[in-house]
Amino acid sequence: MNTLLSESLADVRRHAVPVCCYVAASLAVAAVYRGVVYLPDGLAWEPLARLAFALYLACASSLVQAVCFAALGAAIARPMWKWRGPRDGLVRFFMPWLIINLFLVMLADIHRHFFLLEQEDLASLLELALMVVHVAALPLGTAIMYWGALSWPDLPATLAPLTRFFRLTLQSLGVGLFQYVLLGVRASFLEPDRVWTLALYAVTDIPILMLDVIIFAQVWRICMLNSTTPPNADDSPFDF
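Residues numbered from 1 in each chain as written. Predicted model: local features only at pLDDT ≥ 70, side-chain atom pairs only at ≥ 80, totals over all residues. Heavy atoms only, no water.

**Considerations on the packing of helix α5 (residues 120-147) against helix α7 (residues 166-189)**
At step 1: Direction vectors running N to C along α5 and α7 enclose 130 degrees, while the axes themselves pass 9 Å from each other. Compared by their axis directions, α5 and α7 come out oblique. When you trace α5 past α7, the crossing you get is right-handed. Of the residues in α7, those in contact with E127, L130, M131, H134, V135, A136 and P139 of α5 are S172, L173, G176, L177, Q179, Y180 and L183.
At step 2: For the contact of α5 with α7, the per-class residue count stands at 9 nonpolar, 4 polar and 1 charged. (Axes fitted to C-alpha atoms, helices over the stretch in contact; angles between N-to-C directions. Helix = DSSP H or I, 4+ residues; strand = E, 2+ residues; numbered from the N terminus. Parallel < 35°, antiparallel > 145°, perpendicular 65-115°, else oblique. Left-handed = near helix turned anticlockwise from the far one by under 90°. Contact = heavy atoms within 4.5 Å. Nonpolar A, V, L, I, M, F, W, Y, C, P; charged D, E, K, R; others polar.)

This is how it looks when you write it as structure tokens:
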């Protein structure tokens, strides 16, 4: 059966090198962040330190996504979509991923602040907003990458594949929602305050990062479909 999920899983299997590079680099970024933030007593709660760590996480994650996702996208869409190496990926895609990641980090920090203050109504509202942004972040970043660069005037055209093939987009959003639920379940069972729990976090990061790759491949294929489908034809080769 030719489904969007089966095609994206096949992409992940066929292009193991950029996939493994993304997972390994992301694990390293997360390990440094958790090791510095959670192990030293009290350091993570200093406002300036917390801001610095948040900026590190957003910047390092954006670097990994810009380079590794560009390599994976070029491999999936060859020869339709091309890049000129890691430096090209950084120049073109670091900034859009940084904007997305900074917004996510900022929203998560505000949510945590209201949660600690026991303002449940605001915390619940921000939790809903955080979920929506988390689910939408990867599809938005992927569509921008496929377009070739972040261009604010061209943003409607950049995101047009996601709305044109919205039923397919819902599949990638569903994977993102599943990922968000997994992150919540993990957080409710594990407190990253000991070395052994940090090790468990690293192990459980692997399937979560693989979901990142699957979402990217799904949205990438939606963008490819949009490029190859005439404007007046909305037929999809994928089953629902």
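On we go.
**Quick notes on the environment of W81**
At step 1: Along the chain, the position of W81 falls in the loop between α3 (47-77) and α4 (86-116).
At step 2: For the pair W81 and L104, spaced 23 residues apart in the sequence, the C-alpha separation amounts to 28 Å.
At step 3: Ignoring sequence-local partners within four residues, the contact set of W81 consists of A70, G73, A74, R92, F93, M145, Y146 and W220.
At step 4: At 3.4 Å, the side chain of W81 forms a polar contact with the backbone oxygen of M145. (Polar contact = N/O pair within 3.5 Å; in protein donor to acceptor, adjacent residues only side chain to side chain.)

**A word on the confidence of the model for the protein chain**
At step 1: Per-residue confidence for the protein chain averages 89 on the pLDDT scale, and 91% of its residues sit at or above 70.
At step 2: Mean pLDDT across the secondary structure elements of the protein chain bottoms out at α4, with 90, and peaks at helix α6 (residues 155-164), with 96. (pLDDT = per-residue confidence, 0-100.)

**Overview of a nonpolar patch on the surface**
At step 1: A surface patch of nonpolar side chains, amounting to about 390 Å² of accessible area, comprises L48, L51, L55 and L102.
At step 2: Of the residues forming the nonpolar patch, the biggest block, 3 residues, is contributed by α3.
At step 3: Relative to the elements of secondary structure, L55 occurs in helix α3.
At step 4: Residue L55 is classed as partly exposed on the basis of its relative accessible area, which comes to 40%. (Patch = residues over 30% accessible without salt bridge, like charges linked within 9 Å, V, L, I, M, F, W, Y side chains within 5 Å. Areas by Shrake-Rupley, 256 points an atom, 1.4 Å probe, with all protein chains shown as cover. Salt bridge = Lys/Arg side-chain N within 4 Å of Asp/Glu carboxyl O. Buried < 20%, exposed > 50% of the residue type's maximum accessible area, 1.4 Å probe, protein only.)

**Observations concerning the nonpolar core**
At step 1: Formed by 46 residues in total, the largest nonpolar core has its most connected members in Y22, F69, W81, F93, W97, M145 and W220.
At step 2: Listed by contribution, the elements that provide at least two residues to this core are α2 (16-37), α3, α4, α5, α7 and α8 (195-228).
At step 3: With residues up to four places along the chain from it excluded, the contact list for Y22 reads V64, Q65, C68, F69, L209, D212 and V213.
At step 4: If you look at the next biggest cluster of nonpolar residues, it comprises 5 residues, including F165, L168, I222 and L225. (Core = buried A, V, L, I, M, F, W, Y, C linked by side-chain atoms within 4.5 Å.)

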